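Each chain is listed here by its residues.
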Amino acid sequence: MLVLVVNAGSSSLKYQLINMDDESVLAKGNCDRIGIDGHLSHKTADGRKLDTDCTFPTHTEAFEKLVEALTTGEYSVIKSMDEISAVGHRIVQGAEVFDRPCLVTPEIIDQIDGLAELAPVHNHAHALALRACTKVIPATTPQVVVFDTAFHQTMPPKAYMFGLPYEDYEKYHVRKYGFHGTSHRFVSAALAEAMGKNIEDLKIVSCHLGNGSSITAVKGGKCIDTSMGFTPLDGVLMGTRCGAVDPSAVTFVASKHGFTPDEMSQYMNKQSGFLGVSGVSSDNRDINDAAEKGNARAQLASDMLAYEIQKYIGSYTAAMDGIDALLFTGGIGENSWEVRERVCQNMSYFGIEIDDELNHSTRGQLMKLSTPNSKVEVWIVPTNEELLIARDTIALISK
Ligand code: AMP
């Protein structure tokens, strides 16, 4: 069974074609610069690579090109789109409307589009991509949507409500939704399996650290709290996002700069975080390099991230009344021994102790980093959101 997994943004359309018989990726790529000019990068499992400029006025042309790359010419991996059993789409915001994956219908697409106010950058783009996909793939191919927010829908109201007047929740749906849910769900389940334990018996702090980062408390396989909030801006310091800031500092800075709400939002989303604090880069590797060379602000940015993560571990351990395992995932979590080392330092009260050598030498693979003495197991668990979307897609269409 083949599943095409699609992750659409406003100007990009990333895809993976997965063979669910052995969960191998047959081809993957990205249709980039949609609405600007257009570029396709496409790679097959056996190493054939296509990099070409295209014309992508809309997501429809991008889908057409994607279909062409998969089915015709020297970079193809299938003969026809009829060979694909289903398409699974990643959707960022499902709000309180969607707490599980569902089959795509025109009404569902409208509902996703209707939530765009809560995720302006993402949901409208998802709706455009869904409509484009519906035009391009065979009408008989089912499509499934999998929501980033769905895993977090198990949070209790005391965790997801803000201290704003209740009417803002009722009228405008202002609350914590949480993001990266598909990743946290995938890695927490993979961790339980690696530990040989039933996930229902585990209290896990899951750290997804990448350009965007979020920490989630997973108790008995369910999210009980998470660091991202109403939008993916909340929580820890990120590449270009500020993370949690005193709301009064936000209104104060906006008035000092004369920013409109949209401009202030841009400032916090695009010019803050690692980039804003360090003045060096939004990329963790650049931050580590600069810090090593003695750049004090890069060191500060790095220290801030580790300190904030430590505080989340502490607060989520309190929220779960314990912690069995701590896991790292995402580009930083899987690859940066520096960040993992700083997070696990001075955590002896929690009984967290990692093997430094193993931590230094491990990148991007499933690995237990904690020592036998550690009271908490510490793991690297590579994430694979596309695979979970493909699994969810198959599970739903098989029903
Ligand atoms: P993601 O958004 O999950 O793709 O993660 C991107 C982040 O991972 C960037 O900040 C990268 O600098 C960071 N990253 C990727 N590889 C490494 C590495 N080998 N060492 C440190 N950070 C890394």
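See the structure shown above.
Cut-offs and rules
- Residues numbered from 1 in each chain as written.
- Predicted model: local features only at pLDDT ≥ 70, side-chain atom pairs only at ≥ 80, totals over all residues.
- Heavy atoms only, no water.
- Helix = DSSP H or I, 4+ residues; strand = E, 2+ residues; numbered from the N terminus.
- Rg over C-alpha atoms; globule rule 2.2 N^0.38 Å.
- Contact = heavy atoms within 4.5 Å.
- Pairing = 2+ DSSP bridges.
- Axes fitted to C-alpha atoms, helices over the stretch in contact; angles between N-to-C directions.
- Expected span 1.5 Å × (residues − 1).
- Buried < 20%, exposed > 50% of the residue type's maximum accessible area, 1.4 Å probe, protein only.
- Near = heavy atom within 4 Å.
- Areas by Shrake-Rupley, 256 points an atom, 1.4 Å probe, with all protein chains shown as cover.
- Nonpolar A, V, L, I, M, F, W, Y, C, P; charged D, E, K, R; others polar.

(A) Local environment of the overall build of the chain. Per the secondary structure count, the chain includes 15 helices and 14 strands. A compact globule built from 399 residues should have a C-alpha radius of gyration of about 21 Å, and the chain, at 21 Å, falls within 12% of that. On the principal axes, the C-alpha backbone points of the chain span a range of 60 × 55 × 45 Å. Intrachain contacts of the chain at a sequence separation of at least 6 include 60% that bridge at least 24 residues.

(B) Examining the sheet that holds strand β6 (residues 84–91) more closely. Read from one edge to the other, the open sheet built from eight strands follows the order β5-β4-β3-β2-β1-β6-β8-β7, with strand pairing classed as mixed. Single-partner strands in this sheet number two, and they are β5 (49–53) and β7 (102–103). Relative to strand β3 (residues 24–32), strand β2 (residues 13–19) runs antiparallel, the two being bridged by seven bridges. Paired with Leu17 across the strands is Ala27, a residue of β3. Here helix α2 (residues 106–114) sits on the sheet and contacts β6, β7 and β8 (143–147); the angle it forms with β8, its principal contact strand, is near 25°.

(C) Spotlight on helix α6 (residues 181–195). Taking 1.5 Å per residue as the helical rise, α6 with its 15 residues ought to reach 21 Å, and the 21 Å between its terminal C-alpha atoms agrees with that figure. Gly181, Thr182, Ser183, His184, Phe186, Val187, Ser188, Leu191, Ala192 and Met195 are the residues of α6 that are buried. Where α6 is buried, its residues meet β8, β9 (203–209), β10 (213–219), β12 (325–329), β14 (377–380) and α15 (385–398). One or two positions beyond α6, positive phi appears at Gly196, with a value near 70°.

(D) Local environment of the side chain of Thr393. Along the chain, Thr393 turns up in helix α15. In this view, Thr393 contacts Val3, Ala86, Val87, Gly88 and Val144; residues no more than four positions away in its chain are not counted.

(E) Highlighting the site of the ligand. Close to the ligand lie Gly210, Asn211, Asp283, Asn284, Arg285, Gly330, Gly331, Ile332, Asn335, Ser336 and Arg363, which account for all nearby residues. For the ligand, the accessible surface in isolation is 500 Å², of which the surrounding protein chains cover 75%. Those elements that place two or more of their residues in the shell around the ligand are α10 (284–292) and α12 (330–335). Sorting elements by how many residues they give to the shell around the ligand places α12 first, with four residues. Of the residues assigned to the shell around the ligand, the class counts are one nonpolar, seven polar and three charged.

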